[in-house]
2 protein chains.
Amino acid sequence: MATIGDVARVAGVSRSTASYALSGKRSISSAVRKKVQDAVDELGYTPNAGARALATAETKIIALLARFLSDEFAPAMLQYIQGVSNRARELGYDTLLVSEADGPAALRRLSTTRMVDGFVLLNVGESDERLDVLRQAAQPGALIGLPADPEGLDVFDLDFPASGRLMVEQLHGVGHREAILVSQSEHVVRRGGAYVWRLANAAQERAEELGMQLHHYYGASLQPEIGTDLHRFLDRHPQATGLLLNNEAAAAALPTVLREREVSAPADLSVLGRFSDEFARTFSLPFSAVDSAAMTLGRQAVEALVTRMQGSTKAEPHVVSLLPPTLDDRGSVTAPRAPSR
Amino acid sequence: MATIGDVARVAGVSRSTASYALSGKRSISSAVRKKVQDAVDELGYTPNAGARALATAETKIIALLARFLSDEFAPAMLQYIQGVSNRARELGYDTLLVSEADGPAALRRLSTTRMVDGFVLLNVGESDERLDVLRQAAQPGALIGLPADPEGLDVFDLDFPASGRLMVEQLHGVGHREAILVSQSEHVVRRGGAYVWRLANAAQERAEELGMQLHHYYGASLQPEIGTDLHRFLDRHPQATGLLLNNEAAAAALPTVLREREVSAPADLSVLGRFSDEFARTFSLPFSAVDSAAMTLGRQAVEALVTRMQGSTKAEPHVVSLLPPTLDDRGSVTAPRAPSR
DNA sequence: CTGAAAGCGCTTACAG
DNA sequence: CTGAAAGCGCTTACAG
């Protein structure tokens with residue numbers, strides 16, 4: 001493997017000159033620049049990442065801390081991962097994918113060994129044990145998911161309260177007066193899935209303001225349990241004309257459930273979910289939905305992180321960015337057949 | 001951040017002694033070992049990964065080259081990724097997830113900069129452009145997916161021919177004499193998805209031997225097209241009593257299709273797929289299947305890679321390991337209602 | 001505009 | 001059993 005020393009020798013200049021010619025960090029006569037470039041081409045020189053990391057104290061790697069939880073619907077995670085890794089690459093960083101069960105330990109390990117320049121945390125819970133470790137770390141971090149205390153961290157998340165309100169308003173606006181909201185399982189909530197109740201509470205509140213009845217349930221996050229759950233909820237509220245889903249597994253299971261009940265959407269039941277467009281395509285879901293904006297959130301988190309890593313911005317105030325919900329209209333919401341008044 | 005020099009100073013020994021005490025690479029009196037350990041604890045010392053990489057020429061990182069193709073069914077990939085990353089961690093390696101569109105360039109970049117110690121390639125095609133680059137690389141690589149020319153590389157894949165034969169035999173064994181096989185889309189085949197025809201050819205051959213009619217089709221790899229395709233295939237062969245699926249999207253779409261046709265499995269139609277158990281759970285699929293063994297293949301690839309990386313085994317012959325198919329019986333194959341003779 | 005030198009934080013032959 | 005020193009391959013103040 002060629003080193004910068006080899007390049008310098010072939011080009012007939014000093015190592016520092018070769019280095020500067022390549023980095024452009026000081027002015028170099030074009031003649032020398034050319035000699036260096038020729039030497040690089042001839043030798044096929046590429047800088048050694050470890051040596052550069054040691055000299056610059058920058059690894060150009062970010063760690064992506066994912067959590068693959070058994071009670072979670074995995075396909076929904078892939079898009080966050082892609083958003084992060086693609087944007088990172090565009091900005092000159094590689095992505096270390098970390099899926100260890102013990103998140104805090106992994107974070108500590110990568111931080112103290114200086115393997116990475118920063119962290120993106122996925123699936124952040126209400127009181128996430130990784131956050132304290134992250135706050136102590138020498139490297140900055142960005143979160144996808146809003147914790148109770150975002151102090152000292154950049155946070156990116158969908159605006160779940162606004163999403164809840166939007167979902168209710170969509171139903172109410174076309175005449176629905178009784179609906180069901182199916183959230184993720186209580187497991188998820190207990191583990192700190194704050195977004196679940198943040199959406200649910202806001203939806204409830206908005207429904208009350210508008211004088212709409214909203215029945216709220218926690219549904220399983222896995223098949224086939226969620227199917228049974230959906231049947232139960234629908235049985236219990238035969239008058240409900242609308243169904244809101246903040247639960248990906250429920251959305252995936254619904255077409256089957258509806259067919260089993262010989263109910264069709266939106267003729268008999270208006271349906272509005274919260275999932276990504278990619279998810280809808282994968283599962284061929286014909287339901288309108290608030291876009292979970294996974295790619296966007298992943299990209300935003302990386303951008304903020306990179307700014308902070310490169311930053312004179314150490315002291316910049318941290319941001320909590322809640323993405324306003326947008327609606328993917330797939331035509332599954334219409335006026336109820338027999339509108340209550 | 002504490003360095004090995006700090007540890008040495010606090011422990012009152014030389015840096016080399018501190019280093020050896022920690023690595024255990026030469027014998028150290030227990031008294032000294034304790035002093036060093038105490039210093040480490042006191043300072044919270046962790047070795048700097050970049051410095052270590054430079055000194056040892058080992059980064060303890062492996063690159064996982066995935067390809068997220070738009071015409072591919074993404075959920076099926078996650079388990080390979082988890083298999084690789086979990087096993088790597090168990091063996092002391094971290095995983096760099098690489099999803100760049102230009103695979104050969106990414107591989108070259110990571111190889112020449114010495115960012116990683118080895119490569120795992122996912123989704124390897126018949127004549128994959130990444131392979132030549134990999135063969136030139138200084139680091140070893142393991143493939144998941146069998147290319148036309150596996151020369152110089154360790155390969156792990158499901159035994160697709162055996163899988164095809166097994167699938168046919170399962171149907172034939174209980175009396176089926178006419179069946180349909182739905183493969184992945186021709187796109188996938190054209191891109192080099194050799195496993196598609198390897199399974200199909202073997203299935204065809206075995207069917208001929210057994211005197212069973214097998215109608216082979218390529219189906220779309222995405223929803224909702226695959227649903228339409230399935231209807232078409234079933235319409236065309238009303239006598240077929242069995243359905244074999246080597247196409248994850250088809251498996252995911254089938255429950256809906258069957259319900260639309262008011263056909264039930266296995267009473268009216270025996271169904272046998274090829275997908276992972278995790279996939280079956282996610283989509284709540286009630287179909288028996290040849291397990292695609294994603295986790296296992298991921299783990300095996302990493303193990304082989306690590307052996308080779310640490311190896312005096314540079315010269316060891318390369319392996320092509322084809323995993324014998326195993327069946328997850330979910331009860332969707334039984335004797336046909338009206339067996340042809 | 002260019003060079004000689006120090007330093008990043010480790011590991012490991014070499015010497016005792 | 002332990003230490004002093006060289007070296008891994010870069011970058012970047014310091015000097016000219």
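Just so it is clear, the structure is predicted and the values come from calculations on it, not from any experiment. Sequence positions are assigned chain by chain, starting from 1 and proceeding in written order. Written order decides the labels, with chains lettered from A and ligands numbered from 1. Side-chain atom pairs in this predicted model are given and counted only at pLDDT of 80 or more, local residue features only at pLDDT of at least 70, and totals for whole chains, interfaces and linings cover all residues. Only hydrogens and water are set aside when side-chain values are computed; all heavy atoms of the structure are taken into account.

K.L.:
Where do I start with the overall build of chain A in this structure?
P.N.:
Looking only at helices and strands, chain A has 14 helices and 12 strands in total. Based on C-alpha atoms, the radius of gyration is set beside the globule rule, defined as 2.2 Å times the residue count to the power 0.38. Over its C-alpha atoms chain A spans a radius of gyration of 26 Å, topping by over 25% the 20 Å that the globule rule assigns to 341 residues. Counting only C-alpha atoms and orienting by the principal axes, one finds that chain A spans roughly 85 × 35 × 35 Å. Relative accessibility decides the category of a residue: with a 1.4 Å probe and only protein chains considered, values under 20% of the type maximum give buried, values over 50% give exposed, and everything between is partly exposed. Expressed as a percentage of the 341 residues in chain A, the buried residues total 56%. Throughout, a residue-residue contact means that at least one pair of heavy atoms, one from each residue, lies within 4.5 Å. Look at the contacts in chain A between residues 6 or more apart in sequence, and 70% of them connect residues 24 or more apart. A total of about 14,400 Å² of accessible surface is found on chain A, and carbon and sulfur atoms cover 49% of it. Every helix listed is a DSSP run of H or I at least four residues long, and every strand listed is a run of E at least two residues long, numbered separately from the N terminus. Using the Shrake-Rupley algorithm and a 1.4 Å probe, accessible areas are obtained, with residue cover drawn only from the displayed protein chains.

K.L.:
Where do I start with the UniProt feature "domain: HTH lacI-type" (unreviewed entry) in chain A in this structure?
P.N.:
UniProt positions are given in the numbering used here, feature names are shortened, and annotations may be inferred rather than shown by experiment. The feature "domain: HTH lacI-type" (unreviewed entry), as annotated in UniProt, sits at residues 2-56 of chain A in this numbering. Summarising residues 2-56 of chain A: 71% helix, 0% strand, and an end-to-end C-alpha distance of 20 Å.

K.L.:
Sorry, what's going on with the relation of the copies chain B and chain A here?
P.N.:
Two copies of the chain are present, and they differ by a rotation about an axis and a shift along that axis. Of the transformation placing chain B onto chain A, the axial shift is 0.0 Å and the rotation is 180°, giving an RMSD of 0.1 Å. Seen this way, the second copy is the image of the first under a two-fold rotation axis. Least squares is used to superpose the copies, and the fit set is the C-alpha atoms of residues whose pLDDT is at least 70 in both copies.

K.L.:
For this particular structure, what's the right way to read the packing of helix α8 (residues 160-173) of chain A against helix α10 (residues 194-210) of chain A?
P.N.:
The relative placement of two packed helices is expressed as an angle between their axes plus a distance between the axes. All names here are of chain A. Where helices are involved, their axes are fitted lines through C-alpha atoms of the stretch in contact, as for all axes, and angles between N-to-C directions lie from 0 to 180°. It is the contact of α8 with α10, at a shortest axis distance of 7 Å, that shows an interaxial angle of 40°. Relative to α10, the element α8 lies oblique. Seen from above, α8 lies across α10 with right-handed handedness. Mapping the contact onto sequence places Phe160, Pro161, Ser163, Gly164, Arg165, Met167, Val168, Glu169 and His172 in α8 and Tyr195, Arg198, Leu199, Ala202, Ala203, Arg206, Ala207 and Leu210 in α10. Across the contact of α8 with α10, the residue classes tally to 10 nonpolar, 3 polar and 4 charged. Geometric relationships in this document are graded by angle, where less than 35 degrees denotes roughly parallel, more than 145 denotes roughly antiparallel, 65 to 115 denotes roughly perpendicular, and other angles denote oblique. For any helix crossing, the convention is left-handed if the near helix is rotated counterclockwise from the far helix by under a right angle, and right-handed if that rotation is clockwise. Polar here means any residue other than Ala, Val, Leu, Ile, Met, Phe, Trp, Tyr, Cys and Pro, which are nonpolar, and Asp, Glu, Lys and Arg, which are charged; Gly is therefore polar.

K.L.:
Would you take a moment to explain the protein's contact with DNA strand D for this structure?
P.N.:
In the region of DNA strand D, 30 residues are neighbours, and Ile4 and Arg15 of chain A together with Thr17, Arg26 and Ser27 of chain B sit closest. By atom count, sugar and phosphate contribute 50% of the portion of DNA strand D lying within 4 Å of the protein. Two N or O atoms count as a polar contact when they lie within 3.5 Å, although within protein this holds only if one can serve as hydrogen donor and the other as acceptor, and sequence-adjacent residues are included solely when both atoms are side-chain atoms. Between Arg52 of chain A and DNA strand D, the recorded distance is 3.0 Å, taken from a side-chain N or O atom to a phosphate oxygen. Arg26 of chain B is positioned such that a nitrogen or oxygen atom in its side chain is 2.7 Å from a base oxygen of DNA strand D. When contributions to the surface near DNA strand D are tallied by element, the ones reaching two or more residues are α2 (15-23) and α4 (49-56) of chain A together with α2 (15-23) and α4 (49-56) of chain B. A total of 5 residues in the surface near DNA strand D trace back to one element, the largest contributor, which is α4 of chain A. For this purpose, a residue is taken to be near a molecule or strand whenever a single non-hydrogen atom of the residue falls within 4 Å of it.

K.L.:
How do you make sense of helix α1 (residues 4-11) of chain A when you look at a structure like this?
P.N.:
Because an α-helix packs 3.6 residues into every turn, residues spaced three or four apart end up facing the same way. Residue and element names in this part refer to chain A. Residues of α1 that are buried: Val7, Ala8 and Ala11. Looking straight down α1, one finds that the buried residues subtend no more than 100° of arc, so they occupy a single side. Looking at the buried residues of α1, the elements they touch are α2 and α3 (30-43). Where α1 begins, the side chain of Thr3 points an oxygen toward the backbone nitrogen of Gly5, at a separation of 3.1 Å. Of the residues flanking the end of α1, it is Gly12, one or two places downstream, whose phi is positive at about 75°. The arc in question is the one spanned by the directions pointing from the helix axis to the C-beta atoms.

K.L.:
I tried to follow the sheet that holds strand β12 (residues 327-328) of chain B on my own but got confused; where do I start?
P.N.:
Pairing between the strands of a sheet is mediated by backbone hydrogen bonds and can be parallel or antiparallel. All names here are of chain B. A pair of strands counts as paired when DSSP detects no fewer than two bridges linking them. Spatially, the 6 strands line up as an open sheet ordered β7-β6-β8-β9-β10-β12, and their pairing is mixed. At either margin of the open sheet sits one strand with a lone partner, and together these are β7 (213-218) and β12. Across the sheet, helix α10 (residues 194-210) is in contact with β6 (178-183), β7 and β9 (270-274); its angle to β7 comes to roughly 165°. Against the sheet, helix α11 (residues 225-236) engages β6, β7 and β8 (242-245), with an angle of about 160° to β6.

K.L.:
Honestly, the domain arrangement of chain A in this entry has me stumped. Any pointers?
P.N.:
Interface size is commonly expressed as the accessible area that is lost once the parts come together. Those domain boundaries reflect an automatic or database domain assignment. Split into domains, chain A comes out as domain 1 (4-47), domain 2 (61-158 + 294-323) and domain 3 (160-291). Taking only C-alpha atoms, the centre of domain 1 of chain A and the centre of domain 2 of chain A are 37 Å apart.

K.L.:
It is not clear to me how the pairing of strand β5 (residues 154-158) of chain B should be interpreted in this structure. Could you clarify?
P.N.:
Remark: a regular strand shows side chains that alternate across the two faces of the sheet. Residues and elements named next belong to chain B. Counted residue by residue, β5 has 5 buried out of 5 residues, so it is predominantly covered. Neither face of β5 is left uncovered, since the one carrying Asp154, Phe156 and Leu158 and the one carrying Val155 and Asp157 both have all their residues buried. Alignment of strand β4 (residues 141-144) against β5, held across 3 bridges, turns out to be parallel. Across the sheet, the residue bridging to Ile144 is Phe156, located in β5. Of the pairings in the sheet, the one linking β5 to strand β11 (residues 320-323) comprises 4 bridges and is parallel in character. From the neighbouring strand, Leu158 faces β11, where its bridge partner is Leu323.

K.L.:
Explain the environment of Pro336 of chain A here, please?
P.N.:
All names here are of chain A. Following the sequence through the fold, Pro336 ends up in the segment after β12 (327-328). Given the relative accessible area of 9%, Pro336 is considered buried. Separated by 12 residues in the primary sequence, Pro336 and Pro324 place their C-alpha atoms 27 Å from one another. Other than its neighbours up to four places away in sequence, Pro336 contacts Val174, Gly175, His176 and Thr241.

K.L.:
Would you explain the sheet that holds β11 of chain B in this entry?
P.N.:
Read from one edge of the open sheet, 12 strands run β11(A)-β5(A)-β4(A)-β3(A)-β1(A)-β2(A)-β2(B)-β1(B)-β3(B)-β4(B)-β5(B)-β11(B), paired in mixed fashion. Each edge of the sheet is formed by a strand with only one pairing partner; in this case those strands are β11 (320-323) of chain A together with β11 of chain B. Looking at each pair of strands side by side, their axes are set apart by 20° on average, direction ignored. Strand contacts of helix α6 (residues 103-112) of chain B: β2 (94-98) of chain A together with β1 (61-65), β2 (94-98) and β3 (118-121) of chain B, with the helix running at about 160° to β3 of chain B, the strand carrying the most contacts.

K.L.:
Help me understand the interface of chain B and chain A in this model?
P.N.:
Taken together, the contacts link 40 residues of chain B with 41 residues of chain A. Between chain B and chain A, a total of about 3,900 Å² is buried, with carbon and sulfur atoms accounting for 63% of that surface. The salt bridge criterion pairs a side-chain nitrogen of Lys or Arg with a carboxyl oxygen of Asp or Glu, the two atoms within 4 Å. At the boundary of chain B with chain A, the tally comes to 4 salt bridges. Where Arg89 of chain A meets Glu100 of chain B, a salt bridge forms, and the shortest distance between an N and an O atom there is 3.9 Å. Taken together, the links from chain B to chain A amount to 12 residue pairs in polar contact (both at pLDDT 80 or more). At the level of elements, α4, α5 (78-90), β2, α6, α12 (248-261) and α13 (277-283) of chain B are the ones that each hand at least two residues to the side of chain B that touches chain A. When two parts are put together, the accessible area they lose, computed with a 1.4 Å probe and summed over both, is reported as buried area.

K.L.:
Got a minute to help me understand the protein's contact with DNA strand C in this structure?
P.N.:
Neighbouring residues of DNA strand C: 30 residues in total, closest Thr17, Ser27 and Val32 of chain A together with Ile4 and Arg15 of chain B. Across the atoms of DNA strand C situated within 4 Å of the protein, the share located in sugar and phosphate is 51%. Taking Ser19 of chain B, its side chain carries an N or O atom lying 2.8 Å from a phosphate oxygen of DNA strand C. Lys25 of chain B places a side-chain nitrogen or oxygen 3.1 Å from a phosphate oxygen of DNA strand C. Put simply, the parts of the chain that give the surface near DNA strand C at least two residues each are α2 and α4 of chain A together with α2 and α4 of chain B. No other element matches the 5 residues that α4 of chain B contributes to the surface near DNA strand C. Taken together, the residues that form the surface near DNA strand C break down as 13 nonpolar, 11 polar and 6 charged.

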